[in-house]
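Structural overview
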Amino acid sequence: MLRRLHLIIGLFAALFLLVLAVSGAVLSLEPALQRAGATIPARGMMSVADLAQKAERAYPGIEQLERLPSGAVLVYFTHEGQSGADLINPVSGERLAAYQPSAFFSWVKDLHRAFLWDDRGRATAGISALLMAVICLSGIALLASRAGGWRKLLSPIRGAANGAISPRLHAEIARAAALALLLSALTAVWMSALRFELLPEAVEQEADFTQSVVALPPAPIGTLPALQQVDLQDLHQLIFPFRADPLDVYTLRTHQGSGYVDQASGQWLSYADYGNTATLQNFIMELHTGEAYWWLGLLLGLAALTVPVLTITGILIWWQRQRAKPQLTGNTPRHLADTIVLVGSETNTTWGFAKSLLEGLTAAGCRVHVAPMNELAHHYAKARRLLILTATYGDGDAPASANQFMHKLDKLPVVSALPWAVLGFGDRQFCSFCAFADEVTQYLQRQQWPQLLPTEYIDRQSGSSFEHWGMALGQAIDMPLSLHYTPAPRATQPLVLLQRENYGEAVNALTCVLRFNRVASRGALPAFSAGDLVSIVPPGSDAPRFYSLASNSKDGVLEICVRQQNNGLCSSFLCSMQPGDCADGFIQYNARFKPCSGKSAIILIGAGTGISPLIGFIRANKSQRPMHLYWGGRLAESDFLYQHELRSLLTDKHLLQLHVAFSRSSKPEYVQHKLLEDAVNIRHLVNANAQILLCGGRKMANDVASSMDIILAPLSLDVAKLKQQGRYLEDTY
Ligand SMILES: Cc1cc2nc3c(=O)[nH]c(=O)nc-3n(C[C@H](O)[C@H](O)[C@H](O)COP(=O)(O)O)c2cc1C
């Protein structure tokens, strides 16, 4: 609901908000530019009397002095019958330049205030600001719910759904700019409400004009006590009396109030404080314009610049989600459905099963509502059963569309209990086979929700296992249920092998670095970066196998590392390929396994072909951020993958430190031994906010995690805590 509100308002107001944001960012430069050219004596250094004396000396025809909120001082004068306005140096009273308000900034101001229109434009700007405030508030609430509560709002944002545009990037930018944008939006709404008299405007109290002036010769302006008492920093405006009229007076406006000063005695004739409400009103306006606080203006301007980025990334993420969602025909609205099917999926194949389930149950007479697990609702008015279909990712983690499910489940009222069944989707090649489905099962069992049938597992999208589960479900709910799953064909592309490098033959572990390109007639490679996956479908099988990419699409090649497995259909196929041969594959984005942004150190840990994404991260490390690689192989002479390239990456500082261990050398060692040897350094790096990325086999990952727990113990940290903070990422197989 919150996400939909955020999205609908965002889409609706996008164009207006873009104009407001960009023009606001441009306007934020004006106070800073004015300030940069102004000389500003410190408080206590100069009074209004000092300034007026100097200005009068330089401008005998002076009529008015004004101090702009930026600190620049203006003098209005007449000279030989001509009026003029100059910017002056307040210290010397000398002319700096003729004052001409910038036509460009005036135009941008009109655009910002009213879209170059009349009052209707002003109203549109006010409404847009209100929508902006709603987007900010709903966005902050979404950030909190994504982080797992308001208290965790500032904790690192964890990796997110797959896709070319990472929702994490959107969330990180939004979090950085949210408060500034909210401040701009709320102050703008308030100003609009004043303008359209929806709020009462506080009128500045004016001093009474006094008639009790005695016509005495005027005293020199520098000696007038009332002007001597006012610091230059408090000056707003000083209007000089008409020379020929001894009864005329000085009008002095400060930030606090205004009044009249006698030209002969220099005493206040009358004075009125503006009052708290008017002062507050001015302060809010200055907050919005940044006129008096140029640094704040620049900050708000910078935040405004994120609006176009957030709008574009927001729309792309929405588009990405729309495209990723399978078209479900016959999906019953939540409040009418008797069967709720919730789907946990990262790469959408589970949605294909959900679609078949929807069709099967509908044919059996059920009214079915299918939704992502993250959209678990508080209440399903007519629901009689809950069916959960979920994949598992990472090392037993929730997939993207289910990463907030447990948190939401925690908050459900007890009365929501429904008879349930869980069907896990996974791959037995992973140690934590269907671990997330198990986690959900155990949770529901602990809550004592009635279980319809034991949790079942589907290995590598097996259609027959799914049909089998359908029969069991039909019996459990006493309905004739027949499920048929036909996998939606993935759009693969032919990839042509350009180059191969062989390693490991001497230790009987053939490992190949393979570099592919798209077949020339099919255009360029799609966008991807190191750590994403390429899925290869070997001849004679429907089930794709995933390999981590060592290259970025900008490198012009798609590079993977493959170790030939005994009886491995896909690895044998790949390792037998020769330059010119083709394989079918598709790119699978893997946003959850990427170095975090920033400058903190990155510790990369891998073994064997696990080096694949790690070398890609190092190659892409153009900013020479400190990267430390710990890698384990078998024998240096035979399978030291990327040995020469790693040396040159060390030389040009893409890589800061390299630690290698070989298990078949004269002194057999594993990568975790290297970590233990370097424990002091690792603790130092982790203490300074380093992030750890590990890629390799599950056993290696477990051994490394045990060693890291030992290393981190003196810091009162462990792998589990770092994982929670998003600082320990694993890509294991
Ligand atoms: C990077 C990656 C990590 C995976 N991790 C696991 C895992 O830990 N356990 C598991 O059983 N399956 C794992 N799988 C397999 C998926 O869960 C399985 O392919 C599932 O059918 C995908 O469903 P989806 O396309 O709906 O996300 C992983 C797949 C990938 C690509």
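Residues numbered from 1 in each chain as written. Predicted model: local features only at pLDDT ≥ 70, side-chain atom pairs only at ≥ 80, totals over all residues.

1. Looking at the overall build of the chain
- The number of helices and strands found in the chain is 21 helices and 24 strands.
- Taking all 733 residues of the chain together, the buried fraction comes to 39%.
- In the chain, the share of contacts with a sequence separation of at least 24, taken over all contacts with a separation of at least 6, comes to 72%. (Helix = DSSP H or I, 4+ residues; strand = E, 2+ residues; numbered from the N terminus. Buried ≥ 20, exposed ≤ 12 C-beta atoms within 10 Å, placed from the backbone. Contact = placed C-beta atoms within 7 Å.)

2. Observations regarding the site of the ligand
- With respect to spatial proximity, 25 residues lie near the ligand, and among them Ser345, Thr349, Thr350, Ala391 and Gly426 are the closest.
- Considering only residue class, the shell around the ligand consists of 10 nonpolar, 12 polar and three charged. (Near = placed C-beta within 6 Å. Nonpolar A, V, L, I, M, F, W, Y, C, P; charged D, E, K, R; others polar.)

3. Regarding helix α4 (residues 103-114)
- For α4, with 12 residues, the first-to-last C-alpha span of 16 Å sits near the 16 Å given by 1.5 Å per residue.
- Here α4 has its buried residues at Val108, Leu111, His112 and Arg113.
- With its phi angle positive at about 50°, phenylalanine 115 sits one or two positions after the end of α4. (Expected span 1.5 Å × (residues − 1).)

4. A word on helix α3 (residues 48-58)
- Every buried residue belonging to α3 is among Val48, Ala49, Leu51, Ala52, Lys54 and Ala55, and all of these are buried.
- Close packing links the buried residues of α3 with β1 (62-67), β2 (73-79), β3 (82-88), α7 (225-229) and β5 (235-239).

5. What to know about the nonpolar core
- Counting 65 residues, the largest nonpolar core has Ile603, Leu604, Leu614, Val671 and Leu693 as the members making the most contacts within it.
- Examining the composition of this core, we find that six residues originate from one element, helix α20 (residues 698-712), more than from any other.
- If you count residues domain by domain, this core takes at least three from each of domain 3 (493-588) and domain 4 (602-732).
- In this view, leucine 693 contacts Phe593, Pro595, Ile602, Leu604, Leu614 and Leu729; residues no more than four positions away in its chain are not counted.
- Within the second largest apolar cluster, 44 residues are counted, among which are Leu342, Met373, Leu386 and Ala398. (Core = buried A, V, L, I, M, F, W, Y, C linked by C-beta atoms within 7 Å. Domains from an automatic or database assignment.)

6. Side note on the pairing of strand β10 (residues 368-372)
- For β10, the buried fraction is high: four of the five residues fall into the buried class.
- With five bridges joining them, strand β9 (residues 339-344) and β10 adopt parallel strand pairing. Each residue of the ladder has a partner; that of threonine 339, found in β10, is valine 368.
- At this point the chain moves from β9, through helix α10 (residues 349-363), to the parallel β10, and the crossover so formed is right-handed. (Pairing = 2+ DSSP bridges. Right-handed = clockwise from strand over helix to strand, strands pointing away.)

7. Here we look at unusual backbone geometry
- Not every positive phi belongs to a glycine, and glutamate 197 is a case in point at roughly 55°.
- Structurally, the position occupied by glutamate 197 is in the loop between α6 (167-195) and α7.
- Taking the C-beta count within 10 Å as the criterion, glutamate 197 has 8 such neighbours and is therefore assigned exposed.

8. A few points about the UniProt feature "transmembrane region" (unreviewed entry) in the chain
- The UniProt entry lists residues 123-144 and 292-319 under the feature "transmembrane region" (unreviewed entry), expressed in the numbering used here.
- Its end C-alpha atoms 42 Å apart, residues 292-319 is made of 93% helix and 0% strand. (UniProt positions renumbered as here; feature names shortened; annotations may be inferred.)

9. Thoughts on the sheet that holds β10
- On the basis of which strands lie adjacent, the open sheet formed by five strands has the order β10-β9-β11-β12-β13 and parallel pairing. The sheet is open, and its two borders are formed by β10 and β13 (456-459), each paired with just one other strand. Pairs of neighbouring strands in the sheet enclose a mean axial angle of 20°, with direction left out of account.
- Of the pairings in the sheet, the one linking strand β12 (residues 420-426) to β13 comprises four bridges and is parallel in character. Counterpart to phenylalanine 425 in the pairing with β13 is isoleucine 458.
- Here α10 sits on the sheet in contact with β9, β10, β11 (385-391) and β12, set at roughly 170° to β9. (Axes fitted to C-alpha atoms, helices over the stretch in contact; angles between N-to-C directions.)

10. Some details on the sheet that holds strand β22 (residues 657-662)
- Pairing is parallel in the open sheet, where five strands are placed in the order β22-β21-β20-β23-β24. For this open sheet the edge positions go to β22 and β24 (728-732), each flanked by a neighbour on one side alone. Geometrically, the sheet is characterised by an average inter-axis angle of 10° between neighbouring strands, direction not taken into account.
- Relative to the sheet, α20 contacts β20 (602-607), β23 (691-696) and β24, its axis offset from that of β23 by approximately 145°.

11. Let's talk about the packing of α6 against helix α8 (residues 276-289)
- Interhelical geometry of α6 versus α8 gives an angle of 130° and a closest axis separation of 9 Å. As judged from the angle between their axes, α6 and α8 are oblique. By crossing handedness, the relation of α6 to α8 is classed as left-handed. Of the residues in α8, those in contact with Leu183, Ser184, Thr187, Ala188, Trp190 and Met191 of α6 are Ile284, Met285, Leu287 and His288. (Parallel < 35°, antiparallel > 145°, perpendicular 65-115°, else oblique. Left-handed = near helix turned anticlockwise from the far one by under 90°.)

12. Structural notes on the pairing of β3
- Strand direction decides the pairing type here: β2 and β3, joined by seven bridges, are antiparallel. Bridging from a neighbouring strand, histidine 79 pairs with glutamine 82 of β3.
- If you look at the hairpin formed by β2 and β3, you'll find two residues sitting between the two strands, and glutamate 80 has a positive phi there, around 50°.
- Note: β3 against strand β4 (residues 95-98), three bridges, orientation antiparallel. Note on β4: the bridge partner recorded for leucine 87 is alanine 97.
- Here β3 hands over to β4 after six residues, with glycine 93 in that stretch at a positive phi of 80°.

13. Considerations on the confidence of the model for the chain
- Summary statistics for the chain give a mean pLDDT of 89 and a share of 95% for residues scoring 70 or more.
- Contacts for the low-pLDDT stretch residues 159-163, under 50 throughout, to residues beyond four places or in other chains number 23 contacts.
- Across the whole predicted complex the pTM is 0.55, and at the interface the ipTM reaches 0.99. (pLDDT = per-residue confidence, 0-100.)

14. Overview of the environment of tyrosine 271
- Topologically, tyrosine 271 is positioned in strand β8 (residues 268-273).
- Placed 62 residues apart in sequence, tyrosine 271 and phenylalanine 209 show a C-alpha to C-alpha distance of 9.4 Å.
- Filtering out sequence-adjacent residues up to four positions away, tyrosine 271 remains in contact with Ala207, Gly257 and Gly259.

15. So, the environment of aspartate 459
- Note on placement: aspartate 459 falls in strand β13.
- Using a count of 15 C-beta atoms within 10 Å as the deciding quantity, one classes aspartate 459 as partly exposed.
- Along the primary structure aspartate 459 and cysteine 434 are separated by 25 residues, whereas in three dimensions their C-alpha atoms are 8.7 Å apart.
- Residues in contact with aspartate 459, not counting those within four places in the same chain, are Gly426, Asp427, Arg428 and Ser465.

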